[in-house]
Amino acid sequence: MNYGKQSVEKKLRTANSKTRKYSAKVFLAFLKSLFVLFLLCGILAASIGFGMFKGIIDNAPEVDIATIVPNEYATTVYDSAGNVTETLVTAGSNREEATYEELPKNLVNAFVSYEDSRFWQHNGIDPRSIMRAVRGVLTGDSSAGGGSTITQQLIKNSVFGGGMEKSFGERLERKLQEWFLAVKLDGIMSKEQIITNYLNTINLGNNSLGVKVAARRYFNKEISDLTLSECAVLAGITQNPTKFNPITGQKANSDKQKVILQYMHDQGYISSEEEDEALADDVYSRIQNVDIVTKETSTPYSYFTDELVEQVKEAMKEQLGYTDTQAHNMLYSGGLSIYTTQDPHIQAIVDEEVGNPLNYTAARYSIEYRLSVTHKDGNTVHYSEESLKRYHADIGDSGYDGLYDSEEEIQNDINGYKASIIQEGDTVLGERLQKTLQPQASFVIMDQKTGQVKAISGGRGEKTASLTLNRATNTLRQPGSTFKIITSFAPAIDTGSATLGTVYYDSVYTIGNKTFSNWYKSGYQGYSSIRDGIIYSMNIVAVRCLMETVTPQLGVEYARNFGITSLKDTDYNPALALGGITDGVSNLELTSSYATIANGGVYTKPTFFTRILDHDGKILIDNTPETHRVLKDSTAFLLTDAMADSMESSRKFSQGNSGPSSTSTAANIPGMSNAGKSGTTTGNNDIWFVGFTPYYTAGIWAGYDNNQKLTSQNGGTSFHKVLWKKIMSRVHEGMSDPGFPAPESIETADICRKSGKLAVSGVCNHDPRGNAIYTEYFARGTVPTDVCNIHVRATVCSVSHRLPTPYCPERTTAVFLVLPPGEEGATDDSAFAMPGYCTIHSANSVIIPPGNDTDSPDSNNGPGYGPGYGPPGSGIGAPGQWPGPGY
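The rules we used
- Residues numbered from 1 in each chain as written.
- Predicted model: local features only at pLDDT ≥ 70, side-chain atom pairs only at ≥ 80, totals over all residues.
- Heavy atoms only, no water.
- Phe/Tyr/Trp six-rings, centres within 6.5 Å; stacked < 30°, edge-to-face > 60°.
- Helix = DSSP H or I, 4+ residues; strand = E, 2+ residues; numbered from the N terminus.
- Buried < 20%, exposed > 50% of the residue type's maximum accessible area, 1.4 Å probe, protein only.
- Pairing = 2+ DSSP bridges.
- Axes fitted to C-alpha atoms, helices over the stretch in contact; angles between N-to-C directions.
- Salt bridge = Lys/Arg side-chain N within 4 Å of Asp/Glu carboxyl O.
- Core = buried A, V, L, I, M, F, W, Y, C linked by side-chain atoms within 4.5 Å.
- Parallel < 35°, antiparallel > 145°, perpendicular 65-115°, else oblique.
- Left-handed = near helix turned anticlockwise from the far one by under 90°.
- Contact = heavy atoms within 4.5 Å.
- Nonpolar A, V, L, I, M, F, W, Y, C, P; charged D, E, K, R; others polar.
- Polar contact = N/O pair within 3.5 Å; in protein donor to acceptor, adjacent residues only side chain to side chain.
- pLDDT = per-residue confidence, 0-100.

1. Re the packing of aromatic side chains
Thought 1: One pass over the full model with this rule turns up 16 aromatic pairs.
Thought 2: Ring centres of tyrosine 391 and tyrosine 417 lie 5.3 Å apart, and the angle between their planes is 55°; this geometry places the pair in the tilted category. Pair noted here: tyrosine 391 is in helix α16 (residues 385-394) and tyrosine 417 is in helix α17 (residues 407-421), with a separation of 26 residues, a long-range link.
Thought 3: Tyrosine 391 sits in the buried class, given a relative accessible area of 17%.
Thought 4: Ring geometry for tryptophan 519 versus tyrosine 520: centroids 5.3 Å apart, planes at 85°, classification edge-to-face.

2. Considering the sheet that holds strand β5 (residues 380-384)
Thought 1: Ordered by their spatial adjacency, 3 strands build an open sheet running β5-β4-β6, and the pairing between neighbours is antiparallel. Bordering the open sheet on either side are β5 and β6 (427-438), each of which pairs with just one other strand. Neighbour to neighbour, the strand axes of the sheet diverge by 5° on average, direction disregarded.
Thought 2: Examined bridge by bridge, strand β4 (residues 364-374) and β6 share 11 bridges and lie antiparallel to one another. Paired with arginine 370 across the bridge in β6 is arginine 432.

3. Considering the pattern of salt bridges
Thought 1: What the rule picks out here adds up to 32 salt bridges.
Thought 2: Notably, a salt bridge pairs glutamate 776 with arginine 531, separated by 2.6 Å at the nearest N-O pair. Of this pair, glutamate 776 sits in strand β21 (residues 773-779) while arginine 531 sits in helix α19 (residues 530-535), placing them 245 residues apart in sequence.
Thought 3: A relative accessible area of 0% places glutamate 776 in the buried class.
Thought 4: Residue classification places arginine 531 among the buried residues on the basis of a relative accessible area of 8%.
Thought 5: Of the charged contacts, one joins aspartate 829 and lysine 754 as a salt bridge, the two residues approaching to 2.8 Å between their closest N and O atoms.

4. Concerning the nonpolar core
Thought 1: Counting 56 residues, the largest nonpolar core has Phe483, Phe489, Ile530, Ile534, Ile597, Leu639 and Met643 as its most contacted members.
Thought 2: When residues of this core are traced back to their parent elements, those giving at least two are α18 (483-494), α19, α20 (539-550), α21 (552-561), α22 (587-598), α23 (633-645) and β18 (686-692).
Thought 3: Listed in part, the 43 residues of the second largest apolar core include Leu204, Leu226, Leu234 and Ile247.

5. A look at unusual backbone geometry
Thought 1: The linkage connecting glutamine 438 with the following residue, proline 439, adopts the cis geometry, with an omega of -5°.
Thought 2: Look at asparagine 220: it is not a glycine, yet its phi comes out positive at around 55°.
Thought 3: Position of asparagine 220 relative to the elements: it lies in the loop between α8 (211-219) and α9 (228-235).
Thought 4: Taking the relative accessible area as the measure of exposure, asparagine 220 reaches 60% and is therefore exposed.
Thought 5: Of note, threonine 551 is a non-glycine position whose phi angle comes to about 85°, a positive value.
Thought 6: Structurally, the position occupied by threonine 551 is in the loop between α20 and α21.

6. Focus on the packing of helix α13 (residues 303-320) against helix α14 (residues 324-333)
Thought 1: It is at 9 Å that the axes of α13 and α14 come closest, and there the two elements cross at 125°. With respect to each other, α13 and α14 are oriented oblique. Here the hand of the crossing between α13 and α14 comes out right-handed. Residue-level contacts link Val309, Val312, Lys313, Met316 and Lys317 of α13 to Asp324, Ala327, His328, Met330, Leu331 and Tyr332 of α14.
Thought 2: Looking at side-chain class alone, the contact of α13 with α14 contains 7 nonpolar, 1 polar and 3 charged residues.

7. Thoughts on the environment of tyrosine 383
Thought 1: Structurally, the position occupied by tyrosine 383 is in strand β5.
Thought 2: For tyrosine 383, a relative accessible area of 16% translates into the label buried.
Thought 3: Contact partners of tyrosine 383, with chain neighbours within four places excluded, come to Tyr369, Arg370, Leu371, Val373, His375, Tyr417 and Ile421.
Thought 4: At a separation of 2.9 Å, a polar atom in the side chain of tyrosine 383 contacts the side chain of histidine 375.

8. What to know about the sheet that holds strand β1 (residues 75-78)
Backbone hydrogen bonds are what pair the strands of a sheet, in a parallel or an antiparallel way.
Thought 1: Spatial ordering of the open sheet is given by β2-β1-β3-β14-β15, a layout of 5 strands whose pairing is mixed. Strands with a single pairing partner mark the edges of an open sheet, and in this sheet they are β2 (84-88) and β15 (619-622). Within the sheet, the average angular offset between the axes of one strand and its neighbour, ignoring direction, is 15°.
Thought 2: Here β1 pairs with strand β3 (residues 337-340) via 3 bridges, running parallel. By the bridge assignment for β3, tyrosine 78 is matched with tyrosine 339.
Thought 3: Packed onto the sheet, α13 meets β1, β2, β3, β14 (609-613) and β15 and runs at close to 100° relative to β15.
Thought 4: Sheet strands in contact with α14 are β1, β2 and β3, and its direction is about 75° off that of β1.

9. With respect to the confidence of the model for the protein
Thought 1: For the protein, per-residue confidence averages 85 on the pLDDT scale, and 82% of positions sit at 70 or higher.
Thought 2: Taken together, the stretch residues 141-145 has pLDDT below 50 and engages in 4 contacts with residues farther than four places along the chain or on a different chain.

10. Considering the pairing of β15
Walk down a regular strand and you will see the side chains alternate between the two sheet faces.
Thought 1: Where β14 meets β15, 3 bridges bridge the pair, whose relative direction is antiparallel. Counterpart to isoleucine 612 in the pairing with β15 is isoleucine 621.
Thought 2: Between β14 and the antiparallel strand that follows it, β15, lie 5 residues; glycine 617 among them carries a positive phi value of about 85°.

Structure follows, in structure tokens:
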């Protein structure tokens, strides 16, 4: 039995041993499998990690010296003398580039000591800083500092847009790429270039990008002039431009400045004495003073810059193919240098004179008023100045014209108006009142030879905003009589259809339902030449010239060739000659059209800039203006000569010297040749004068923005000419006068001013009003070949001065005028028309010798008679009738 028991135990021990061995093998196999699995997972993870890392690195942006240079720089505008006049900038793009040589050593050292103390030693990334930053994150030590080098920060700002990722994965991806690119950049860019680009890139608060702009913004000095304390102030901003702003966060910035100065001392950049001196500097009071001045001197763009912006954007779209958005972005953040045509001396004169209240005989105000009220019934109503007009009508104020004599009067009126609207329980949502000085004016002056605009003024009074109403360039007003030259007289002469001596009959003139009249009260003048029409601004002459010689279609064509772009298809009508057009014209285009005449007939598109350089100093646009010939040089001279006469004091050839006066004498510049044309619209809503000298062409407009009439109480209709004269006299001080020399295409001839034809000696010079012969200029080959047929000499009764009858005892001769048939109304000429027969001497008062029948009135063959004249009472030969041949 014992043997059996032992046998069983042995068998059990053997079985257990086998089980343990088997279990061990299984466990070992499991461990091997687990190890392999972990190994495979590790390899897989490593492969995936490596692949991801490689993918991240492979997807890193390309970086080179060109792409790492900061962008979004402010655009700088220069006048013709090289002075900076404007800085065009939007938020986030007012950067100006500084070179390494401009950077003070203290500035570089301040940033390096605090931001990246091993900057000059590492290869773009600093492992020590990275480990320090990691340790700070793990231990919660916020004072441990960041791990980014200056090179990394430059990469982040220039390549990654400042690092604004939202998720951890995005931030990790950017950080890995940042490390890679920092090492790469360090290999291709010098440390000096890296620190320079970094300092040009950083945001230093108050919309100051880069240290150069910040130096001006906070200290009003160039960067090279910064002191040690100022350098430390700037270095303390960049970590958090809002928190450490030296204006709004002075305490925080001051604490940071002390830390930076300590770092600079500890790292051997400055001595203890220098540190103490910087700490003692009251730098923040200096910053506050500069901030006050900066705010006080912050002004809107000038009127010149307003138009410059439009012209530059258009040039970019036309010449570079930019979209409107691309042009806008390039203009405001492309770091351009724009060289303008603005002459600072001339602009100063224009600004002074246009803004001088002594140059105006009235000072009134117009208003733009907005009031929004929610009434107690819940209804919201928006009121305007139109509502104010209705209020005045409702209270019986029929004389209200929207103009006020003082700001106090405006406020009193607004208070009364509001009291009539707002009731108890109403809520005022908003109110805005804008006052504008009136009458207004605009002025443009340009060099006619180059097309360069030298100065403009878009209005008088304070300019409160940029890119607002510019009355000089983008406001259309009716041009009045200035258009007589452009649409009527210039085409007539230039096509060879008329000369300065060509006459039109100034009398009652009706086309369709429209009867035209003249501006003057001295009556119709009869035969009047184009020269007369220019000097005395004769409406009937201009309209008849357009309708009888030119045609409205040709007039419009010439105006457009002169650069007038605002004409419509509705402007093909007689009123075109007088400037009665659909939309009006701008001062800039009207002035440039007259500059065409001053430039010998060659139009040059007005320009506000000569060239634009990109941020690297390369020419982006070389602005060569568009030119084309509009008039022959002879036409330009003839118009110039007549307009020069309009500026000399004279009266129209007429009875008793009672005709209209020359219209432009108030603008005449003493000691300088000048020529020009005035213009006044019907109702005196717009007044113009456009003229030129051998040097410059200038145009002035004046009127009320809301078209109130220029009455004697509202400023009158001549102050603008005096203003033009004052400006141009100052502009031309000290200049020689070369005159307006006649080109070789001009010749002269003596003609009769009443017929425009060759004068007849003994007849034309015996006009009842004086000598009607004068010397006129003509384009070569256009001198008339016909002789005067308007003046005639006839035998008259010595007593009645009428055609003699057989009973008139004494006879003499006299000069009369032949009048055109079909003209209505009396004119200055009609008083000297061929008279009827004598009514003093008749058969009842004179004895006729017998047999002397040959002298009877019925024969019409006696002395002093010509064919076509009947006896007294017959109606033939009555005053104003067209006489027969021989007279």
